[in-house]
Amino acid sequence: MNALVHGPADAPLVNASRFRAAHEAEWDRLDRLVTRMEKRSVRALPEEDILALPLLYRSALSSLSVARETSLDRSLVTYLEQLCTRAYFQLYGVPDSALRQMGRFFGQGWPLAVQALWRETLACLFLTVAGLLAGYWLVATDPSWYYSIIPDAMAGGRDPAASAETLRATIYGQQKGGMLATFAAYLFTHNSQVAIFAFALGFAFTVPTVLLLVYNGLTLGAMLCLFAQKGLGFGFIGWLTIHGSTEMFAIILAGAAGMKIGTAVAFPGRRARTEAAVLAGREAAVAMAGVVLMLMVAGLLEGIGRQTVQDDLMRYGIGLAALAGWLAYYYLPRRSEDRHVPAA
Amino acid sequence: MFRRRDRAARAPVSLRRSFVTPEGIDLRLELASAGTRASAFMIDLLIMTGALILATVLIGLLGIAGARGEIVMILWLVGAFVLRNGWFTLFEMGGRGATPGKRLLGLRVIARDGGRLTGGAVIARNALREVELFLPLSFLGMQATQDAADGFLILFALSWTGIFLFFPLFNRDRLRVGDLLGGTWVVNNVRATLGADLVADRARHERRSFSDAALDLYGIYELQTLEDVLRKGQPDAVATVAATIRRKAGMADDGDDQDFLSDYYAALCARLERGMLVGRRREDKFAAAPPKRSA
């Protein structure tokens, strides 16, 4: 039973051996090419390798399906699975060049994503305005509301007890220390962080986002009422408008993006819930990238523009021009054939 | 070695997912486990914290030395912001689809629908980190600063945010909330090497012959387990397996376990492959043995 047999010298026992011998060189070449692409980029390959790549990839895929059906060599099947997966990602998964992605983002992705949020944007605008009116009315009827709405740290001495002169100084005064650009950078990073947070919170069925927006409106209304009662309403709005038109717009858009996700999760309609969330999430995220850029502009306007421009009309002018610019960029009609292009 | 174990107990949750390429081949991707992903995240976090500390120290030194304190300050503020929000997003939007931590552990972010990973998906999956990580952290910080007066509220807040933090453990695909929203998966993407051909090696030598009865003992599952044993080559495992096979097949011990197993593997592989090519695939030893060939 334990007798030794001698096989014919050149006849492999199993097909897997023949299969390996026939294709191993191709797999090896594909492996080397993919490794080089993973380490550097597709540009690191010479022309003949690039031309060979799709052929090698398809032949590896076909090897994989043959191996799965005819070979019992697990090492071979695992190797081919990994090789094909790596090659697939290098061939199909690599995004466009950064420059082209940027171009598509500014040309189509950003404005179209914002456009798609128009319903939510209106809702968020309504919530903010409602909060603003409520805040104004509350403080107008009973000034003690002011202390409940605005925390001490944020008020910074701007409260109903302050004199008109003190309040005037906060609107027209120079920033102490003169670190305008630092202030701008601080405002940008802080506001963006809050906006991203508001967006992310939208996932929880939009409730936190709505609360944030209404509260934002409340503080605005309360502040506005305070300044208006001291006869500084016009100046305060100017002080706010120069950056606020951009900043408030950005915050409303961030809220709208969060709301889009929250409503998609809560009311997916005919789609599966996760599918609806993915569609909403990807589009709203593109709008969010735009919101961060808007807040950068707002930070510059607030940190530098507001401190150097002291004239009311100039402040109004800059603020309204910025608003008009954003509106035109987002909502002016675009060529319709671009619409189906997925956002970058 | 080949003792039957409960299949359900052996692989409680399979992390293999079907992923069909445009050419129509299923790549059967393997999702990354929650532990690997947590490790990758910790590595990223360590690098980020390290970079931030290093930058702060450098800026401190420069700030003392130079008059350009303001520019340095701005750079720090913006740099910290970009680091916190851009680290994951920018790396994952690049060609590798992975942050340094993920790359180190052989992970990759992909779109679940098989398409190309878009910027929107990457931003969505990473913006949600704010809720998953920084929200619980901020509540923890709140607890540290405040007294136990609001203890119940904070406990509630922590458990609410804990839902987001531990979300990956509660679903089959190990999705973070961010993955859910971005439509992404995190998969293993490691480089495998092709092991040597075990059968071809034996074909050139003289080998032992085995009776049909001996070769009918096992199926494909056992064959591939034997392949693992041979490739790993641990002496005690080889000895145990060889002894078991000899006992079942009623063969005498010839003293060379490694060679014996290699021969048995080659013979069994050839036999099972022959059966498979004519449509008789024997999955494991419990499946019916192929009918005897006529002499």
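Computed from a predicted model, the values in this text were never measured in an experiment.

J.: What am I meant to see in the overall build of chain B here?
T.: For chain B, the helix and strand inventory stands at 13 helices and five strands. Expressed as a percentage of its 295 residues, the buried residues of chain B come to 32%. In chain B, 67% of the contacts between residues at least 6 apart in sequence involve partners at least 24 apart.

J.: Would you mind showing me how to read the overall build of chain A here?
T.: Summing up its helical and strand segments, chain A has 13 helices and one strand in all. Along its sequence from the N terminus, chain A presents helices and strands in the succession β-α-α-α-α-α-α-α-α-α-α-α-α-α. Sequence separation of 24 or more characterises 81% of the internal contacts of chain A that already satisfy a separation of 6 or more.

J.: Looking at this model, I keep getting lost on the pairing of strand β4 (residues 184–188) of chain B. Mind explaining?
T.: Residues and elements named next belong to chain B. Burial runs high along β4: four of the five residues are buried. Judged from the five bridges that link them, strand β3 (residues 107–111) and β4 form a sheet pairing that is antiparallel. Note on β4: the bridge partner recorded for Ala111 is Thr184.

J.: I keep staring at the pairing of β3(B) and nothing clicks. Help me out?
T.: The side chains of a regular strand alternate, first on one face of the sheet and then on the other. Burial of β3(B) is extensive: five of the five residues sit out of reach of the surface. The alternating pattern of β3(B) places B:Leu107, B:Val109 and B:Ala111 and B:Arg108 and B:Ile110 on opposite faces, both of which are buried.

J.: Please explain the interface of chain A and chain B as it appears in this structure.
T.: Bring the parts together and some accessible area is lost; that lost area is often taken as the interface size. Each side of the interface is counted separately: chain A has 67 residues, and chain B has 67 residues. Mapped onto the side of chain A that touches chain B, the elements with two or more residues apiece are β1 (4–6), α1 (15–39), α2 (47–70), α3 (74–92), α4 (98–116), α9 (180–201) and α12 (273–308) of chain A. Of the residues assigned to the side of chain A that touches chain B, the class counts are 41 nonpolar, 19 polar and seven charged.

J.: Would you mind going over the nonpolar core with me for this structure?
T.: A general feature of soluble globular proteins is that nonpolar side chains tend to end up buried together. All names here are of chain A. By size, the foremost hydrophobic cluster in this structure holds 136 residues, and its most contacted members are Ala60, Leu253 and Met288. The leading source of residues in this core is α12, at 16 residues. Leave out the neighbours within four places in its chain, and Ala60 touches Trp27, Leu30, Leu80, Leu83, Cys84 and Ala87. Formed by 19 residues, the second largest nonpolar core is a distinct cluster that contains Met223, Leu226, Phe236 and Trp239.

J.: I'm lost on the environment of A:Ala16 in this one. Help?
T.: Within the fold, A:Ala16 resides in helix α1. Residues within four places of A:Ala16 in sequence aside, it is in contact with A:Ser71, A:Leu72, A:Asp73, A:Leu76 and B:Val199.

J.: Would you mind showing me how to read the domain arrangement of chain A here?
T.: We note that the domain assignment places domain 1 (15–92) and domain 2 (99–334) within chain A. For domain 1 of chain A versus domain 2 of chain A, the distance between C-alpha centres works out to 52 Å.

J.: What is the right way to read the packing of helix α10 (residues 207–229) of chain A against helix α11 (residues 233–266) of chain A from this model?
T.: Between two packed helices, what matters for the description is the angle formed by their axes and the separation of those axes. Residue and element names in this part refer to chain A. It is at 10 Å that the axes of α10 and α11 come closest, and there the two elements cross at 170 degrees. As summarised for this structure, α10 and α11 are arranged roughly antiparallel, according to the angle between their axes. On α11, the residues touching Thr209, Leu212, Leu213, Asn216, Leu224, Phe227 and Ala228 of α10 are Gly233, Phe236, Ile251, Gly255, Gly258, Met259 and Gly262. For the contact of α10 with α11, the class distribution of residues is eight nonpolar, six polar and no charged.

Conventions we followed
- Residues numbered from 1 in each chain as written.
- Chains lettered and ligands numbered in written order.
- Predicted model: local features only at pLDDT ≥ 70, side-chain atom pairs only at ≥ 80, totals over all residues.
- Helix = DSSP H or I, 4+ residues; strand = E, 2+ residues; numbered from the N terminus.
- Buried ≥ 20, exposed ≤ 12 C-beta atoms within 10 Å, placed from the backbone.
- Contact = placed C-beta atoms within 7 Å.
- Pairing = 2+ DSSP bridges.
- Nonpolar A, V, L, I, M, F, W, Y, C, P; charged D, E, K, R; others polar.
- Core = buried A, V, L, I, M, F, W, Y, C linked by C-beta atoms within 7 Å.
- Domains from an automatic or database assignment.
- Axes fitted to C-alpha atoms, helices over the stretch in contact; angles between N-to-C directions.
- Parallel < 35°, antiparallel > 145°, perpendicular 65-115°, else oblique.

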